[in-house]
Amino acid sequence: MLVIGHINLTSQDAASVLKEFGTKDDRDYADRYRRQHRRHQSLYSRALLRYLISIKFPEIDCRAKIRQSKDGRPYFDLSAGRREIDISLTHSHGMAAAAVSSMGAVGIDIEYVKQQRNFAAMAEHAFDLTAGEASTWADAGRFYSLWSVVECLVKANILADGAAVEPDKFEALSEDSLYCLTLGAKVAMIGHKDLGSYAMGLAINLAPEFPVATNSSTWPTPQPNDRSVTIYEISS
């Protein structure tokens, strides 16, 4: 199962999620940020993650310590080194998102969409593209769809940080796309969700038993919950 959630940090429910699910370990971790808004966003994203685990993976202690692996990926420190779930966190400009996966390594990324930028030049530089290739990613929506997904591919250990991007692999990216593709020896499910002023990307390094079962083309309908959290669930 894969569960993704996002929440606007200005909502009253965001404060209640933080109050109920925030931990001392999370506060200690957030203290490493010098800027207050970054500390707050870190706290909210971790509380959101714990909320998702509490309702979707109730057999797991949602208050377990979140540690960092040697390559910087967060993981839930469960007893005896168990890794039943993989997690990812992100936050940007007052929005937080989290993902919990039992289907393989996951990456989630949320980006605030800035409209007035030279996206063709940015795509050419960031993704090592030719000028012609970069021109197809020259508007804000297209650029941020690719940017957010590439960030997720790196987080999920599917793509090496700084590796060249094959743009034809991502032509199917759209406002609300979700599909499987092969990148080298790995099968990934990638997705992009248009959240208005934000772009949210997703990538899962699928375990061998999952690719066919999860080959979809649209995001699932958001699930109702007792907080103002938008939750998507993809079952294996």
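The rules behind these values
- Residues numbered from 1 in each chain as written.
- Predicted model: local features only at pLDDT ≥ 70, side-chain atom pairs only at ≥ 80, totals over all residues.
- Heavy atoms only, no water.
- Phe/Tyr/Trp six-rings, centres within 6.5 Å; stacked < 30°, edge-to-face > 60°.
- Buried < 20%, exposed > 50% of the residue type's maximum accessible area, 1.4 Å probe, protein only.
- Lys NZ or Arg CZ within 6 Å of the ring centre and 35° of its normal.
- Pairing = 2+ DSSP bridges.
- Helix = DSSP H or I, 4+ residues; strand = E, 2+ residues; numbered from the N terminus.
- Axes fitted to C-alpha atoms, helices over the stretch in contact; angles between N-to-C directions.
- Arc of directions from axis to C-beta.
- Contact = heavy atoms within 4.5 Å.
- Parallel < 35°, antiparallel > 145°, perpendicular 65-115°, else oblique.
- Nonpolar A, V, L, I, M, F, W, Y, C, P; charged D, E, K, R; others polar.
- Left-handed = near helix turned anticlockwise from the far one by under 90°.

Regarding the packing of aromatic side chains
Then, number 1: Evaluated as defined, the whole model comprises ten aromatic pairs.
Then, number 2: A ring pair is formed by Phe 143 and Tyr 144, whose centres lie 5.4 Å apart and whose planes are at 80°; its orientation type is edge-to-face. The pair formed by Phe 143 and Tyr 144 is uniform in burial state, with each residue classed as buried.
Then, number 3: An aromatic cluster of three or more residues is present, and its members are Phe 119, Phe 127, Phe 143, Tyr 144 and Trp 147.
Then, number 4: When the ring centre of Tyr 29 is taken as reference, the NZ or CZ atom of Arg 46 above it lies at 3.8 Å.
Then, number 5: In this arrangement the basic side chain of Arg 142 is found over the ring face of Trp 137, its NZ or CZ atom lying 3.9 Å from the centre.

Details of the sheet that holds strand β5 (residues 95-101)
Then, number 1: Reading across from one edge, β4-β5-β1-β10 is the order of the four strands in this open sheet, with antiparallel pairing throughout. A strand with exactly one partner marks an edge of an open sheet, and here the two such strands are β4 (86-92) and β10 (230-234). This sheet shows a mean twist of 10° between the axes of neighbouring strands, independent of strand direction.
Then, number 2: Of the pairings in the sheet, the one linking β4 to β5 comprises seven bridges and is antiparallel in character. The residue bridging Ile 87 from the neighbouring strand is Val 100, located in β5.

So, helix α1 (residues 12-21)
Then, number 1: Restricting attention to buried positions, one finds in α1 the residues Ala 14, Val 17 and Phe 21. What you see down the axis of α1 is that its buried residues fit within an arc of 60°, all on one side. The exposed residues of α1 that point more than 90 degrees off its buried face are Gln 12 and Lys 19.
Then, number 2: Packed against the buried residues of α1 are β1 (2-8), α2 (24-30) and α3 (36-56).

Notes on the pairing of strand β9 (residues 198-206)
Every regular strand shows the same layout, with side chains that alternate between the two sheet faces.
Then, number 1: Burial of β9 is extensive: nine of the nine residues sit out of reach of the surface.
Then, number 2: The alternating pattern of β9 places Tyr 198, Met 200, Leu 202, Ile 204 and Leu 206 and Ala 199, Gly 201, Ala 203 and Asn 205 on opposite faces, both of which are buried.
Then, number 3: Bridging between strand β6 (residues 104-112) and β9 involves nine bridges; their strand directions are antiparallel. Residue pairing in the sheet places Gly 104 in a bridge with Leu 206 of β9.
Then, number 4: Pairing geometry for strand β8 (residues 186-194) and β9, over seven bridges, is antiparallel. Bridge pairing links Gly 191 to Leu 202 in β9.

What to know about the packing of α1 against α3
Then, number 1: Between α1 and α3, the least distance of the axes is 8 Å, while the angle of their chain directions is 75°. Our classification of the angle between α1 and α3 gives roughly perpendicular. Residue-level inspection shows Ala 14, Ala 15, Val 17, Leu 18 and Phe 21 of α1 in contact with α3, the latter providing Leu 43, Tyr 44, Ala 47, Leu 48, Arg 50, Tyr 51 and Ser 54.
Then, number 2: For the contact of α1 with α3, the class distribution of residues is ten nonpolar, one polar and one charged.

Describing the packing of helix α4 (residues 119-126) against helix α6 (residues 140-155)
The geometry of a pair of packed helices is captured by two quantities: the angle between their axes and the separation between those axes.
Then, number 1: Taken N-terminus to C-terminus, the directions of α4 and α6 make an angle of 20°; their axes are 10 Å apart at the nearest point. The orientation of α4 relative to α6 falls into the category roughly parallel. For the pair α4 and α6, the sense of crossing is left-handed. Of α6, the residues touching α4 (which contributes Phe 119, Met 122, Ala 123 and Ala 126) are Ala 140, Phe 143, Tyr 144 and Trp 147.
Then, number 2: Residues belonging to the contact of α4 with α6 are distributed by class as follows: eight nonpolar, no polar and no charged.

A few points about the sheet that holds β8
Then, number 1: The strand order β6-β9-β8-β7 describes an open sheet built from four strands, whose pairing is antiparallel. Here the strands that pair on one side only, and so sit at the sheet edges, are β6 and β7 (176-183). With direction set aside, neighbouring strand axes in the sheet form an average angle of 15°.
Then, number 2: Across the sheet, α6 is in contact with β6, β7, β8 and β9; its angle to β6 comes to roughly 145°.

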